[in-house]
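Letter by letter, the chains look like this.
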Number of protein chains: 2
Amino acid sequence: MVGRRGSVSMKDVAALAGVSVGTVSNVLNSPDLVAEQTRLRVEAAIEKLGWVRNETARQLRAGDSRSIGMVVMDIANPFFADVVRGAEEFLYQKGYSVYIGNSDQRLDREATLLDHFQQHRVRGVLFASIGASVERAARLRQRGIPVVLVDRAAGAADFCSVGMDDIEGGRLATAHLLSQGHRRLAVIGGPGDLTQVRDRRRGANFALQAAPEASLLVISTELLDVAWGRRAADDLLLLPERERPTAVFALNDLLAIGLLQGLTLAGVRVPEEIAIVGYDDISFAAAAAVPLSSVRQPRAELGALAAELLFEEIRTAESSEHHEHRGVRMTPELVVRQSSLIKS
Amino acid sequence: MVGRRGSVSMKDVAALAGVSVGTVSNVLNSPDLVAEQTRLRVEAAIEKLGWVRNETARQLRAGDSRSIGMVVMDIANPFFADVVRGAEEFLYQKGYSVYIGNSDQRLDREATLLDHFQQHRVRGVLFASIGASVERAARLRQRGIPVVLVDRAAGAADFCSVGMDDIEGGRLATAHLLSQGHRRLAVIGGPGDLTQVRDRRRGANFALQAAPEASLLVISTELLDVAWGRRAADDLLLLPERERPTAVFALNDLLAIGLLQGLTLAGVRVPEEIAIVGYDDISFAAAAAVPLSSVRQPRAELGALAAELLFEEIRTAESSEHHEHRGVRMTPELVVRQSSLIKS
DNA sequence: ACTGCGGGCTGAGACGGTTCAACCGCTAGG
DNA sequence: CCTAGCGGTTGAACCGTCTCAGCCCGCAGT
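Rules used in this analysis
- Residue indices follow the written sequence of each chain, beginning from 1 at its first position.
- Think of it this way: whatever chain is written first is A, whatever ligand is written first is 1, and the rest follow in order.
- The model is predicted, so local features are restricted to residues of pLDDT at least 70 and side-chain atom pairs to those at 80 or more, both for listing and for counting; the totals for chains, interfaces and linings are taken over all residues.
- Calculated side-chain values reflect all of the structure's heavy atoms, with hydrogen atoms and water omitted.
- Here a residue counts as near a molecule or strand whenever at least one of its heavy atoms sits within 4 Å of it.
- Under this definition, polar contacts are N or O atom pairs within 3.5 Å; protein pairs additionally need one hydrogen-donor-capable and one acceptor-capable atom, and for neighbouring residues in sequence, both atoms have to be side-chain atoms.
- Each helix corresponds to a stretch of at least 4 residues labelled H or I by DSSP, and each strand to a stretch of at least 2 residues labelled E; elements are numbered beginning at the N terminus.
- Each residue gets one of three labels, nonpolar for Ala, Val, Leu, Ile, Met, Phe, Trp, Tyr, Cys and Pro, charged for Asp, Glu, Lys and Arg, and polar for the others, Gly among them.
- To obtain each axis, a line is fitted to C-alpha atoms, and for helices this fit is confined to the stretch in contact; angles are then taken between N-to-C directions over 0 to 180 degrees.
- Working definition: roughly parallel below 35 degrees, roughly antiparallel above 145 degrees, roughly perpendicular at 65 to 115 degrees, and oblique for all remaining angles.
- Crossings are classed by handedness, with left-handed meaning an anticlockwise turn of the near helix from the far one by less than a right angle and right-handed meaning a clockwise turn.
- Here a residue-residue contact requires only that any non-hydrogen atoms of the pair lie within 4.5 Å.
- Boundaries between domains were set according to an automatic or database domain assignment.
- A pair of strands counts as paired when DSSP detects no fewer than two bridges linking them.
- Crossovers are described as right-handed under a simple rule: with the strands pointing away from the observer, the path leading from the first strand over the helix to the second runs clockwise.
- Here's the idea: put two parts together, see how much 1.4 Å probe accessible area each one loses, and the total over both is what we call buried area.
- What makes a salt bridge here is a side-chain nitrogen of Lys or Arg within 4 Å of a carboxyl oxygen of Asp or Glu, nothing more.

Section: the protein's contact with DNA strand D
The environment of DNA strand D is made up of 22 residues, and the closest members are Thr23(A), Thr38(A), Arg61(A), Met10(B) and Arg61(B). Backbone sugar and phosphate groups make up 72% of those atoms of DNA strand D lying within 4 Å of the protein. A distance of 3.1 Å is found between a phosphate oxygen of DNA strand D and a backbone nitrogen or oxygen belonging to Asn54(B). Residue assignment for the surface near DNA strand D shows that the elements contributing at least two residues are α2 (21–29) and α4 (55–62) of chain A together with α2 (21–29) and α4 (55–62) of chain B. Residue composition of the surface near DNA strand D, grouped by class: eight nonpolar, nine polar and five charged.

Side note on the packing of helix α10 (residues 226–238) of chain A against helix α11 (residues 253–265) of chain A
All names here are of chain A. Where α10 meets α11, the axes come as close as 6 Å, and the angle between the chain directions of the two elements is 45°. Relative to α11, the element α10 lies oblique. Handedness of the α10/α11 crossing: right-handed. Contacts between α10 and α11 involve Val 226, Trp 228, Gly 229, Arg 230, Ala 232, Ala 233, Leu 236 and Leu 237 from the former and Leu 254, Leu 255, Gly 258, Leu 259, Gln 261, Gly 262 and Leu 263 from the latter. Partitioned by chemical class, the residues of the contact of α10 with α11 number ten nonpolar, four polar and one charged.

What about the protein's contact with DNA strand C?
In the vicinity of DNA strand C, 22 residues are found, and the nearest of them are Met10(A), Arg61(A), Thr23(B), Thr38(B) and Arg61(B). Among atoms of DNA strand C positioned within 4 Å of the protein, sugar and phosphate together represent 66%. One nitrogen or oxygen atom from the side chain of Arg61(A) is found 3.4 Å from a base oxygen belonging to DNA strand C. One of the backbone N or O atoms of Ser20(B) is found 2.9 Å from a phosphate oxygen in DNA strand C. At the level of elements, α2 and α4 of chain A together with α2 and α4 of chain B are the ones that each hand at least two residues to the surface near DNA strand C. Grouping the amino acids of the surface near DNA strand C by side-chain chemistry returns eight nonpolar, nine polar and five charged.

As for the domain arrangement of chain A
Structurally, chain A comprises domain 1 (5–53), domain 2 (66–164 + 299–331) and domain 3 (166–297 + 334–340). One C-alpha centre belongs to domain 1 of chain A, the other to domain 3 of chain A; they are set 64 Å apart.

Section: the pairing of strand β7 (residues 215–219) of chain B
Residues and elements named next belong to chain B. With five bridges joining them, strand β6 (residues 184–188) and β7 adopt parallel strand pairing. Paired with Leu 185 across the two strands is Leu 216, which belongs to β7. On the question of chirality, the crossover connecting β6 to the parallel β7 by way of helix α9 (residues 195–208) is right-handed.

Things to note about the interface of chain A and chain B
Taken together, the contacts link 51 residues of chain A with 52 residues of chain B. Buried surface at the junction of chain A and chain B, summed over both partners, amounts to about 4600 Å²; 50% is from carbon and sulfur atoms. On inspection of chain A and its partner chain B, the count reaches six salt bridges. With its nearest N and O atoms 2.9 Å apart, the salt bridge here joins Asp104(B) to Arg85(A). Across the chain A-chain B interface, the total number found is 26 residue pairs in polar contact (both at pLDDT 80 or more). Put simply, the parts of the chain that give the side of chain A that touches chain B at least two residues each are α4, α5 (78–93), β2 (97–102), α6 (107–119), α10 and α11 of chain A. With seven residues, the top contributor of residues to the side of chain A that touches chain B is α4(A). Here the side of chain A that touches chain B is composed, by residue class, of 21 nonpolar, 15 polar and 15 charged.

So this is what it looks like as structure tokens:
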């Protein structure tokens, strides 16, 4: 016999196997309590009826959800897509299901998503929040739902968080250009109030301290896209050749690509006359007209690490151990390609 | 008082408002059955306790889930990322939550994901399956879970499905090149057993019927990536100039970009000597060294439409109306840019 | 005064699992 | 012979919400 909704329940399995529902439950959750023979009978019944455990009911009674909620700003952004992949991979392996939501950088969407997650009693949340709404996260945590902040300043000391070390990334790119013998450098990108922009610039300055005789020209852009990269090229071309930088650090790859196009169009050869390093190592960087050196961020690893921190926090909460919040910064890596190499 | 797990339940709300739990439930689900004054008291209690409905329990009792499962091959692929966005947007608006899973084109992952979804008793599934495993989908449907196939041949008549009209896309691209006066054409891409490849080529041939004097050279590649595009460029360059095609239809943008690079490196000007049209209109197409004409697929719309079909199937199932499965093909659109324009 | 009626509310089952105290039959030990 | 212990199983309580039959009460109609 089956339930009114046509779905098979444990009761049906129990009946067919000639045992009580308690025993069926034990077969699933504590198989070693059940006699081999009985277990086989129950398993056969499950197989025969095609029964699938109702996770909803399990969760209601057992009280521990096996879902994780994840909020990202934009799943169509390759950066977040990779972060999601990394996190998802880890969590599925641990037996969790993942709810994913786009916030579109809108606060109300963010709120709605967190509401959904709360209603579903997710076991934890990975939160790539746009700026301000950390209080919401705090409220979640207060209700016993651990939250890990993704790609955020670890400033909020009462959360675990993972982020990228943009200062180190800026330093890497700039140090590489210096090591290639360049002394007139430029950094292009903006706007300056983005933490990423600020940190990468800071890293550049940091690297420059090792070469006091070098100069750094800062060109600010309003956006980090191809069009602004082209404009930056024009800016450079206006300079008299002897003042013109011989190497440029572009704060992301789109800028770098725009720059490359602008320079090439004007007949300036890359890297012979101007070397370029980008940032992000988007998949197209390697395929640009001149393969682009770039600072690679371990995106999938970032996601996986965030998931791991969340998992750890959940684990400690369950065993009511003490949990120390950790803010991890991952270090980016420089990928050198043709656009910044002096030919020998 | 609150439950042992620290979470507030309807019972607590009822106690504080001085009513029964039944009334609290009515406030939520049938407010018009409740006297205004009582309603306000209950709402105040909810607010004060910060109660959030336990969706898990609701679903168990009410029997209707408000989650949708979605399987994609690779969320990091921009194509699917956009499809997901479109679907998610629609479903959230309808009050559904969305579980997302990457299959990585692996059958076992696909199976695991569908298992999870089944355990969570999702209300429906959006399934971008890699080839063969339609039987799994069939089993789901058989258990009352509607499934809509995404980006699949609508061949399986017993499912709703959405896909792209690749034949039309191929026709569009080729007709455009013909209209620009080209008569020696080439189509590059492969492998030939991908439906997408086959259909786009078929569309190209279809367009050619309108210009019997034109010729079409087919260059096959093993993959649809930049490297193979470069090789195809070499192939073209081996031809004596008077036999060489003056226009190329590349079956995706990565090929087109590789081709563009190969030709440019060899000093062949695009579009003056060889015109190029790509496919997919990836975000980089517009930013290539020569902005690339391309066939754009309405990716987000594809996702939204899939979601809509699923929603519709769910609705009819609930009202036990008859449901006619629909296979929808969306038509792509040609975006003309510099790479295929004769300068005048 | 009695009946009928309807708005407003209550309270007791479900829903499908998990969990745990209790029980059963049986063997080993005293 | 009695008790203790043990592997194996049972059955009922419970998780938080929805639903629905039924109750209470005040009012209109006769």
